[in-house]
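Secondary and tertiary structure notes
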Amino acid sequence: MIALLDNSTMKASCRLLISCRNSGFFGFSPVKSSYTSPHNSCLNFSFKFHSNGRYTSHPFHFSRSQRFLKGTQNCSMARLTYGQSRVITRPCSYSIFPETKSGVSIIARIASKVRDFSTSIETRVNDNNFERIYVQGGLNAKPLVVEKIDKDENIVGEEDSRIEVGSEHVNGENLEDLNKAKVITSKREESDIEKEAWRLLREAVVTYCGSPVGTMAANDPADKQPLNYDQVFIRDFIPSALAFLLNGEGEIVRNFLLHTLQLQSWEKTVDCYSPGQGLMPASFKVRTVPLDGNNFEEVLDPDFGESAIGRVAPVDSGLWWIILLRAYGKITGDYALQDRVDVQTGLKMILNLCLTDGFDMFPSLLVTDGSCMIDRRMGIHGHPLEIQALFYSALRCSREMLTVNDGSKNLVRAINNRLSALSFHIREYYWVDMKKINEIYRYKTEEYSMDATNKFNIYPDQIPQWLMDWVPEEGGYLIGNLQPAHMDFRFFTLGNLWSIVSSLGTPKQNEAILNLIEAKWGDLVGHMPLKICYPALEYEEWRIITGSDPKNTPWSYHNGGSWPTLLWQFTLACIKMGRFEMAKKAVAVAEKRISNDRWPEYYDTRTGKFIGKQSRLYQTWTIAGFLTSKMLVENPELASSLFWEEDYELLEICVCALSKTGRKKCSRGAARSQILV
């Protein structure tokens, strides 16, 4: 599926609200309709398979006012101005995913190869501030020339003109689009719990100018004080987006990506101070503003942390946005979205913000406390594992999606260098198992040299007593944090699961993490998957580290609470590592009570037996996480679009080779040995 859009030069805006009155936004006109079950996307050209195995398109050229005449319905091109709300008309909607009442299985291999059809727009970007963008060829789209797909991908079989889908063969000469090769309908009937979950998820959809743009964080009709739970959070929308994508509904995800991108360059201040350019908002809300007379207009009001509890800026929002952008392309095949100039620029702005050199010596990303899913004071400031795993994933996504040209080649080089250094740093220094714990137990301190073993001056007395008895012989995990003279030995579930998904850990380490979860099932899964961290902070430690936070009391909320939304990431990690039965077992545990408990945000106590004391009900990412897990369990082949395999090329990249210091000793050999063992 290809969407060709007119991309214009983007300009930053200082407006605080994006408004929508009679004009559309990103080409979506303000249609007064409710969101039910969309299956909309853009398909603006047709293509054919030829007997020689090559693909050719029917190219066309267009001007700003010209309409497509074939394969569309009254489709006008939207003129986008970055940071402004002036847009002309709504682009066509063309269904590529037929609506079904049962589950949908997407052949990821087919979707991944549609990447070859995307048109790329040459861009030249000032690496420092991205002030100017030049589009070669103006509004004229280049003719598409797509190379033959390799046979080893099993997409084009022995007969190059055929695509195999399940047990059926589709003749390429008669193929006008990817509809037939894209979706297989599962015959399994949805359970009552799944039907309820889909109903609740659709009821949580937020529309803007008549188009779906996201899902609110929670939608409990009995909640009289929703606070900011009625807003669309970038972090919370990820499982909702994946549920829609896996169900063949891409429009809401596309809208979300473009609208949040538009919010990226807005002015945001806290006490007259503005954070770095490229920051994504934590959330946004659609507000209705009265005009003259009886007229109203809708506006998007973002929150960058200036209204949040604790006033913490969301470091992870931009990282999740990049990850979702890749997933959208992988699943739908609409790679034209990530090739757009505005999207490429937004991507570079996030990377520029995260890759900026500072005072820190570590290759890991330095962040404040509360800047991720654990968005309250929990002692995870500095270099928390969750952010490093998301950072690593976002860098790998960006390397796939960036248009490589003179304006981006330095950025690509910086990404490769950071990936290499970060993967070695996490694998070498964050990993603990019985062998590593014993090494730390015998550490010497106050070492001064390039050859020091205890590089961060960790004192052996930091090893907690619970750890020595908790880690199984065949298991291990990545610790929560590492800083000078400090190791946070708590097990943080999201960071470890996402390290498996992104291959930040070695294959051996990834296997050991799941071994530990299986061995400590009662501690980490219990009555409801999954513990956000283990163990909880208690007594004086809780008072000092959390500031006596009454919501983060021991075994509650972020402090050892159980969060069902982590289920989809656990399912994805298990499928990747071939531990399918573990995923099914965890889904079955959740399914026993999650609906009867009215889809809570989190659970309390050591085993997750009680609904959280301040837990919101009908929490959307709890609902969406369950649905995504169910679809992945029923159709595990879908998972291949959402995880990464080991990148062996990274092991050959060494930042030391770029240094002029003359240091001969390099740790890259140690990194390679981790994989080759």
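Quantities reported herein were computed from a predicted structural model and do not represent experimental measurements.

Moving on to the nonpolar core. Most often, soluble globular proteins keep nonpolar side chains buried together rather than apart. Formed by 157 residues in total, the largest nonpolar core has its most connected members in Tyr477, Trp498, Ile517 and Phe570. Each residue touching Phe570, except ones within four places of it in the same chain, is listed here: Leu497, Leu514, Ile517, Trp521, Leu530, Met582, Ala583 and Ala586.

Next up on the list: the pairing of strand β13 (residues 296–303). Two strands pair when backbone bridges link them, and strand β12 (residues 283–290) and β13 are joined in this way by 8 bridges, in the antiparallel orientation. Across the sheet, the residue bridging to Val286 is Leu300, located in β13. Remark: 5 residues form the turn of the hairpin made by β12 and β13, two consecutive strands paired antiparallel; Gly293 in that turn has positive phi of roughly 70°.

Bringing the packing of aromatic side chains into the picture now. For the structure on display, the rule yields 22 aromatic pairs. Taking 5.7 Å as the distance between ring centres and 70° as the angle between the ring planes, the aromatic pair formed by Trp466 and Trp470 counts as edge-to-face. On the criterion of helical spacing, the pair formed by Trp466 and Trp470 is a turn pair, its members being 4 residues apart in helix α12 (residues 465–470). We classify Trp466 as partly exposed; its relative accessible area is 27%. Judged by its relative accessible area of 5%, Trp470 falls in the buried class.

With that settled, the discussion passes to the side chain of Arg418. For Arg418, the location among the structural elements is in helix α10 (residues 409–429). A polar atom in the side chain of Arg418 sits 2.5 Å from the backbone oxygen of Pro363. Setting aside residues no more than four positions away along its own chain, Arg418 makes contact with Cys354, Leu355, Pro363, Ser364, Leu365, Phe391 and Leu395.

Our focus in this paragraph is the pairing of strand β9 (residues 205–208). Judged from the 4 bridges that link them, β9 and strand β10 (residues 211–215) form a sheet pairing that is antiparallel. Bridging from a neighbouring strand, Thr207 pairs with Pro212 of β10.

As a further point, take the pattern of salt bridges. Applying the stated criterion to the full structure yields 21 salt bridges. A salt bridge links Asp334 to Arg254; the shortest N-O distance between them is 2.6 Å. Of the two residues, Asp334 is situated in the loop between α6 (315–332) and α7 (336–339) and Arg254 in helix α5 (residues 251–263); the sequence distance between them amounts to 80 residues. The buried category is assigned to Asp334, whose relative accessible area is 1%. Exposure remark for Arg254: the relative accessible area of 7% places this residue in the buried category. The closest approach of N and O atoms between Asp549 and Arg376, which form a salt bridge, is 2.8 Å. On the criterion of sequence distance, the pair formed by Asp549 in the loop between α16 (539–546) and α17 (567–576) and Arg376 in the loop between α8 (341–354) and α9 (385–401) is long-range, its members being 173 residues apart. Side by side, Asp549 and Arg376 carry an identical accessibility label, which is buried.

Thresholds applied
- Residues numbered from 1 in each chain as written.
- Predicted model: local features only at pLDDT ≥ 70, side-chain atom pairs only at ≥ 80, totals over all residues.
- Heavy atoms only, no water.
- Core = buried A, V, L, I, M, F, W, Y, C linked by side-chain atoms within 4.5 Å.
- Buried < 20%, exposed > 50% of the residue type's maximum accessible area, 1.4 Å probe, protein only.
- Contact = heavy atoms within 4.5 Å.
- Pairing = 2+ DSSP bridges.
- Helix = DSSP H or I, 4+ residues; strand = E, 2+ residues; numbered from the N terminus.
- Phe/Tyr/Trp six-rings, centres within 6.5 Å; stacked < 30°, edge-to-face > 60°.
- Polar contact = N/O pair within 3.5 Å; in protein donor to acceptor, adjacent residues only side chain to side chain.
- Salt bridge = Lys/Arg side-chain N within 4 Å of Asp/Glu carboxyl O.

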